[in-house]
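Given next are the chains, with one letter for each unit.
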Amino acid sequence: MRKNHPEEPAGGLRRRDARTGLLLISPTLVIVLAIVVVPLLWSLLIAFQRMRLLSIGRAGLFDNLTLANFQRVLTSGELGEGLVTTLAYTAGATALSVSLGLAVALALRRPFRGRGLVRAAMLLPYIAPVVAVTFVWRVMLNPEFGIVNAVGTRLLGWDDPVAFLSQPTGELSLLGLHLTVPTALLTLIAFEGWRYFPFAFLFLLARLQAMPHSVEEAATVDGATPLQSFRHVILPQLMPVIAVLVVLRTIWTFNEFDDVFLLTGGGAGTEVVSVRVYELLTVQRNVGAAAAQSVVLAAILVVLIGAYMWLLRRRGEESP
């Protein structure tokens, strides 16, 4: 016969559940510790050491501790210039990718013939290999045989071909005004916005599909124009998703390396901070300085994201 055991106390049951939960997530914890936490702590330790690339295998954990790496990074004018370039690149690319994603999501949310095929085609820039898409852009923008300059000189009235990827600045005539624009940097921002707008498109389209149509229909019945309906009905419901997208794209774009390196190599006024870290590591063989600059950049990124999240929370508290 089955014996009836006395009821287990609530405290003992909670402890048993806690041990079971810890046992279940322990493989994930071990993987995170091995792949994320340990390399992060090691990089932080290297930032305080005089270490060259050739001596990294022979160095001890606490050998030659110093603040010279941080002094070199913080007193170098290259950090300030690279940081300004990176902030401009990050802000422009993030705004462009989210804006394009929003526009495409709004355009493709209504049913029409072939919508599934068009939606799938929108993902091509994001899923294509970065080496392939950067090669295509380099060929298209080539000043000698690129299709963009061919169309510009023959149909748009350009006087000379434009070296989009190797020209630091250029003249732009607009409404009688002659403006100096950073040509290569703007080209990188355009590439980044084009390549990563499908990521924002997927998020925003999913939120749009979940929105009830009755609210928009009620606004239309009340006489709201399409612009008013978007501003007062659709956009407020998309703002939480847009906020998440801005945070994610800011983090990823701030740390972007492969797109910049493959397109311009960091030249022509496009040396972002990640390219500078690469040069410190591979060209100058200075592992300590590269790690120190990485730590400084991580701290700056945390401050920027923290300030952005604080502004969002404050705005949410002030809104009725």
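In this text, all values refer to a predicted model and were calculated from it rather than measured experimentally.

Thresholds, definitions, all that
- Residues numbered from 1 in each chain as written.
- Predicted model: local features only at pLDDT ≥ 70, side-chain atom pairs only at ≥ 80, totals over all residues.
- Heavy atoms only, no water.
- Helix = DSSP H or I, 4+ residues; strand = E, 2+ residues; numbered from the N terminus.
- Buried < 20%, exposed > 50% of the residue type's maximum accessible area, 1.4 Å probe, protein only.
- Areas by Shrake-Rupley, 256 points an atom, 1.4 Å probe, with all protein chains shown as cover.
- 1 Å grid on protein atoms, 1.4 Å probe; cavity = no way out; pocket = protein on both sides within 12 Å on 5 of 7 lines; lining within 4 Å.
- Points joined across faces, edges and corners; volume = space filled by probe spheres on them.
- Nonpolar A, V, L, I, M, F, W, Y, C, P; charged D, E, K, R; others polar.
- Core = buried A, V, L, I, M, F, W, Y, C linked by side-chain atoms within 4.5 Å.
- Contact = heavy atoms within 4.5 Å.
- Arc of directions from axis to C-beta.
- Salt bridge = Lys/Arg side-chain N within 4 Å of Asp/Glu carboxyl O.
- Patch = residues over 30% accessible without salt bridge, like charges linked within 9 Å, V, L, I, M, F, W, Y side chains within 5 Å.

Further remarks concern the overall build of the protein chain. Scanning the protein chain from terminus to terminus reveals 13 helices and two strands. Taken across its 320 residues, the protein chain has 33% of its residues classed as buried. Total accessible area on the protein chain is roughly 20,000 Å²; 67% of this is exposed by carbon and sulfur atoms.

Let's shift gears to the layout of surface pockets. The calculated volume of the largest pocket comes to roughly 430 Å³. As for the largest pocket, its lining consists of 15 residues, of which V162, G170, E171, L172 and V181 are closest to the centre. For the lining of the largest pocket, the elements supplying multiple residues, two or more each, are β1 (170-174) and α8 (183-210). Broken down by element, the lining of the largest pocket gets its largest block of residues, four residues, from β1. Its residues assigned to classes, the lining of the largest pocket shows six nonpolar, six polar and three charged. The calculated volume of the second largest pocket comes to roughly 340 Å³.

Ranked by internal contacts, the top residues of the largest apolar core, which has 21 residues, are F254 and L297. Counting residues per element, the ones that place at least two in this core are α2 (68-75), α3 (77-107), α10 (226-254), α12 (273-282) and α13 (287-318). Of the residues forming this core, the biggest block, nine residues, is contributed by α13. Contacts of L297, omitting those with residues within four sequence positions, involve L79, L83, F254, V273 and V277.

Among the residues of α2, N69, F70 and V73 are the ones counted as buried. Looking down the long axis of α2, one finds its buried residues gathered within 95° of arc, a one-sided arrangement. The exposed residues of α2 that point more than 90 degrees off its buried face are Q71 and T75.

This paragraph deals with the pattern of salt bridges. Considering all chains together, one arrives at one salt bridge under this definition. For E192, the salt bridge identified is with R249, shortest N-O distance 3.2 Å. One end of the pair, E192, is in helix α8; the other, R249, is in helix α10, with 57 residues separating them in the sequence. In terms of burial, E192 and R249 fall into one category: buried.

Together, F135, V136, V139, M140, F145, I147, V151, L155 and L156 make up an exposed nonpolar region whose accessible area comes to about 880 Å². Ranked by residues supplied to the nonpolar patch, first place goes to helix α6 (residues 130-140) with four residues. Here L156 is to be found in the loop between α7 (147-155) and β1. Taking the relative accessible area as the measure of exposure, L156 reaches 57% and is therefore exposed.

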